[in-house]
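Inside the fold
Spelled out from the first residue to the last, the chains are:
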Amino acid sequence: MSTDTHRRNPRVLQVDGQGLKRLVEAALAWLRYHQAAINSLNVFPVPDGDTGTNMLLTMQSAWSEIEHSPEENISKVAQAIAHGALMGARGNSGVILSQLWRGFARSLDAKQTVTSIDIPNAMREASDTAYKGVIKPVEGTILTVSRAVAEAAEKAQRDSDDLTLILDRMVIRAREAVANTPNQLPILKQANVVDSGGQGLAVILEGMLRYLRGASVETEAIEAAVDLKVPVAPEIEAGDVAQGYSYDVQCIIRGHSLNVDEARAHINGLGLSTLVVGDAATIKVHVHVPRPSAVLAYAETIGRLSDVVVEDMAAQYQQFLLGRSAPPIQAPTYHLKPEDIATLAVVPGEGLTRVFQSLGTSAIVPGGQTMNPSTQDFMNLLEALPTQRALLLPNNSNVILAARQAAELCKKQVYVVPTKTIPQGIAAMLAFNDQRDLETNAHVMEAAARHVKTGEVTVATRSVEYNGIQVGQGQIIGLLNDNLTTAGSSAEEVTWSLLDQMDADNLEIVTLYYGEDIQAGIAEKLGNAIRDKYSHLEVEVVEGGQPHYHYIMSAE
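Residues numbered from 1 in each chain as written. Predicted model: local features only at pLDDT ≥ 70, side-chain atom pairs only at ≥ 80, totals over all residues. Heavy atoms only, no water.

Our focus in this paragraph is the overall build of the protein. Helix and strand content of the protein: 21 helices and 19 strands. Evaluated residue by residue, the protein yields a buried proportion of 54% over its 556 residues. Taking as baseline every contact in the protein between residues at least 6 positions apart, the subset at least 24 positions apart corresponds to 70%. A total of about 23,900 Å² of accessible surface is found on the protein, and carbon and sulfur atoms cover 48% of it. (Helix = DSSP H or I, 4+ residues; strand = E, 2+ residues; numbered from the N terminus. Buried < 20%, exposed > 50% of the residue type's maximum accessible area, 1.4 Å probe, protein only. Contact = heavy atoms within 4.5 Å. Areas by Shrake-Rupley, 256 points an atom, 1.4 Å probe, with all protein chains shown as cover.)

This brings us to empty space enclosed by the protein. Taken as a whole and judged by the stated rule, the model has four cavities of 30 Å³ or more. Looking at the largest cavity, its volume works out to about 390 Å³. When residues of the lining of the largest cavity are assigned to their parent elements, the largest contribution, five residues, is made by helix α9 (residues 196-213). (1 Å grid on protein atoms, 1.4 Å probe; cavity = no way out; pocket = protein on both sides within 12 Å on 5 of 7 lines; lining within 4 Å. Points joined across faces, edges and corners; volume = space filled by probe spheres on them.)

Residues in a regular strand project their side chains so that they alternate between the two faces of the sheet. Here strand β9 (residues 363-366) shows a buried face lined by Ala363 and Val365 and a second buried face lined by Ile364 and Pro366. Two strands pair when backbone bridges link them, and strand β8 (residues 341-347) and β9 are joined in this way by four bridges, in the parallel orientation. Its bridge partner lying in β9, Leu344 is registered against Ala363. Read from β8 through helix α15 (residues 350-358) to β9, the crossover connection turns out right-handed. (Pairing = 2+ DSSP bridges. Right-handed = clockwise from strand over helix to strand, strands pointing away.)

Turning to the sheet that holds strand β16 (residues 483-488), a few remarks are in order. The six strands lie next to each other as β16-β15-β12-β19-β17-β18, forming an open sheet whose pairing is mixed. Looking at which strands have only one partner, the edges of the open sheet turn out to be β16 and β18 (538-543). Strand-to-strand twist across the sheet, computed as the mean angle between neighbouring axes with direction ignored, equals 20°. Examined bridge by bridge, strand β12 (residues 453-459) and strand β19 (residues 551-555) share five bridges and lie antiparallel to one another. Each bridged residue has a counterpart across the sheet, and for Thr454 the counterpart in β19 is Ser554. Lying on the sheet, helix α20 (residues 491-501) is in contact with β12, β15 (476-480), β16, β17 (509-514) and β19; it crosses β16 at an angle near 135°. In this fold helix α21 (residues 520-533) packs onto β17, β18 and β19, with an angle of close to 170° to the strand it touches most, β18. (Axes fitted to C-alpha atoms, helices over the stretch in contact; angles between N-to-C directions.)

To continue, consider the confidence of the model for the protein. Confidence in the prediction for the protein averages 85 pLDDT; 87% of positions are at 70 or higher. Scored below 50 in pLDDT, residues 219-245 makes 45 contacts in the model with residues more than four places away or belonging to other chains. The low-confidence segment residues 316-329, where pLDDT is below 50, has 25 contacts with residues more than four positions distant or belonging to other chains. (pLDDT = per-residue confidence, 0-100.)

What characterises a pair of aromatic rings is the spacing of the ring centres plus the angle enclosed by the ring planes. One pass over the full model with this rule turns up one aromatic pair. Note on Trp101 and Phe104: the rings are 5.6 Å apart at their centroids and 85° apart in plane angle, and the pair reads as edge-to-face. Residue Trp101 and its partner Phe104 are located together in helix α4 (residues 91-107), separated by three residues, close to a single helical turn. Its relative accessible area of 8% is what places Trp101 among the buried residues. For Phe104, a relative accessible area of 10% gives the class buried. (Phe/Tyr/Trp six-rings, centres within 6.5 Å; stacked < 30°, edge-to-face > 60°.)

On to the pattern of salt bridges. Taken as a whole and judged by the stated rule, the model has 14 salt bridges. Residues Asp377 and Arg90 are paired through a salt bridge, measuring 3.6 Å at the closest nitrogen-oxygen approach. Remark: Arg90 occurs in the loop between α3 (74-88) and α4 and Asp377 occurs in helix α16 (residues 375-384); sequence separation between them is 287 residues. Here Arg90 falls in the buried class, since its relative accessible area comes to 11%. (Salt bridge = Lys/Arg side-chain N within 4 Å of Asp/Glu carboxyl O.)

Here we have four strands laid out as an open sheet, ordered β9-β8-β10-β11, and parallel in their pairing. Each edge of the sheet is formed by a strand with only one pairing partner; in this case those strands are β9 and β11 (413-416). Each adjacent strand pair in this sheet contributes to an overall mean axis angle of 20°, direction not counted. Here four bridges tie strand β10 (residues 389-393) to β11, and the two strands are oriented parallel to one another. Following the sheet pairing, Leu391 is matched in β11 by Tyr415. With respect to the sheet, α16 is in contact with β8, β9, β10 and β11, its orientation differing from that of β9 by roughly 165°.

Below, the discussion takes up the packing of α3 against α4. Each packed pair of helices is defined by two parameters, the angle between the axes and the distance between the axes. Two elements in contact, α3 and α4, have axes separated by 8 Å at closest approach and are oriented at 160°. One way to sum up the angle between α3 and α4 is to call them roughly antiparallel. For the element pair α3 and α4, the recorded crossing hand is left-handed. Contacts from Ala78, Gln79, Ile81, Ala82, Ala85 and Leu86 in α3 reach Ser98, Gln99, Trp101, Arg102 and Ala105 in α4. Of the residues assigned to the contact of α3 with α4, the class counts are seven nonpolar, three polar and one charged. (Parallel < 35°, antiparallel > 145°, perpendicular 65-115°, else oblique. Left-handed = near helix turned anticlockwise from the far one by under 90°. Nonpolar A, V, L, I, M, F, W, Y, C, P; charged D, E, K, R; others polar.)

Even without being glycine, Asn481 reaches a positive phi, approximately 50°. Note that Asn481 resides in the loop between β15 and β16. The class of Asn481 is partly exposed, set by a relative accessible area of 37%. Phi angles above zero are rare outside glycine, and Asp482 is one such case at about 75°.

Another point: the pairing of β11. Here β11 shows one buried face, formed by Val414 and Val416, and one open face, formed by Gln413 and Tyr415. Crossover β10 to β11 through helix α17 (residues 400-409) is right-handed.

For the rest of this paragraph, the subject is the nonpolar core. Leu20, Met59, Trp101, Met170, Leu344, Phe378 and Leu382 are the most contacted members of the largest nonpolar core, which totals 86 residues. Mapped onto the domain boundaries, this core takes at least three residues apiece from domain 1 (2-223) and domain 3 (326-450). The residues contacting Trp101, other than those within four sequence positions of it, are Val24, Met59, Ile81, Ala82, Ala85 and Met208. The next biggest cluster of nonpolar side chains, apart from the first, holds 38 residues, and it includes Phe44, Val347, Ile364 and Val464. (Core = buried A, V, L, I, M, F, W, Y, C linked by side-chain atoms within 4.5 Å. Domains from an automatic or database assignment.)

This part covers the side chain of Thr419. Among the secondary structure elements, Thr419 is positioned in the loop between β11 and α18 (422-431). Looking at Thr419, the relative accessible area reads 1%, which means it is buried. In this view, Thr419 contacts Leu393, Pro394, Asn395, Asn396, Ile400, Gln424, Gly425, Ala428 and Ala449; residues no more than four positions away in its chain are not counted.

Structural data, given as structure tokens:
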């Protein structure tokens, strides 16, 4: 990194490969400390593949490519960063971030160092590449922020050759663009949040700027959360908020005349992602807290404790970042001949895995809402298949871009059927016919997926008001085709509300997939009640085993 040392605060005139490496390291550290705040910017309060986490994992993959590299050529370092980000990209935000790095690296091809003259072209190429990587670009997102940053770089370069000053102008413009995203994307304004991907990009650039200025990237986590207008619960330690993880506590409380609503309200005040269900004799608790003792002490005051499980999620997460606890990619279930068309599906839960296997799915990629597979995950499985043709079913709107990126990178012929939900994936698999060619199958399966309605019942991860629906953290909510449409006090109440919104009187088939926290008897009881009310419906109750979601409903 070359500087002009005639000033007290030296100007940065050029950056080599090692300089870029240090900038990426600083960006990664700053992103890590802002991860939870970025996650909190989700439009819908559902447990899913959070933006902050996906961008962090993407940057972690990029950093892993250069962490031990002594390379000084900036072109080679930038290419390594782009490759790492590309293969480790998770979620839509991670894929777009990887495309930004891809364009940035392409603009620096054959360069030894980067100067002020190169930055505007690099940022413009980064933004253009990211826009091209999205089939239907939407303004008010990370794409908009990237374009604003490129424009700021062009204007700043005309005024100065100091890379620190140029990056400062880029960060200022990024913040302004992020603040304006709710005015460009109505759904953000309704949820009273800014775009999380755009905020992630602003944080990455800010981390680099702090490094150039000699400021710390390992402090001020609380101030960062305040700047993002993310409410910080007073019971949670600042370090836990910054990291986004603490302890996972599960237990069963047994007693007489237990008050489930009262217990839920008290425990919800102690932590996050609260699930408290049961009756007057038994209450099941699942909650994330900074200190397990508070939950267990309260539980002992109202009943007898059993089946207590306490897990350190922070430690588990760090292991995951190091690549030691990622879910294994399952080997192909069926014997495939070279001329066959393979089908791959992203599936959460053992029960749903069995459903897809029963439909002839060739291989399962474990994942879903809270675990978005990376481009590398898809590539590994595609390359292991003995066939040259494959159909990929993401079954989640936040996984589609990573799947498409893998399809583009793979040397085999791969089509992505853009299924956004599990029921859409099942409908697509039912439409698959191994006698058709690859392209025809892809079109037929996509058409079949569009005819299915999807209802999902889960727990709100934060309080929000959306489309006139007031939701409290820990409340049961329902999503119809990926949109928040209802909230209630129980999973059953919300299920009935979703059925009404689906126009159940005019449906023919409803399948209820119950999650890992729902007992089979309770699910069957609800299924029978649905049959009694809608006698014309064919109702099937199936063990899904999916985490976080009490029920996933498929309706046709």
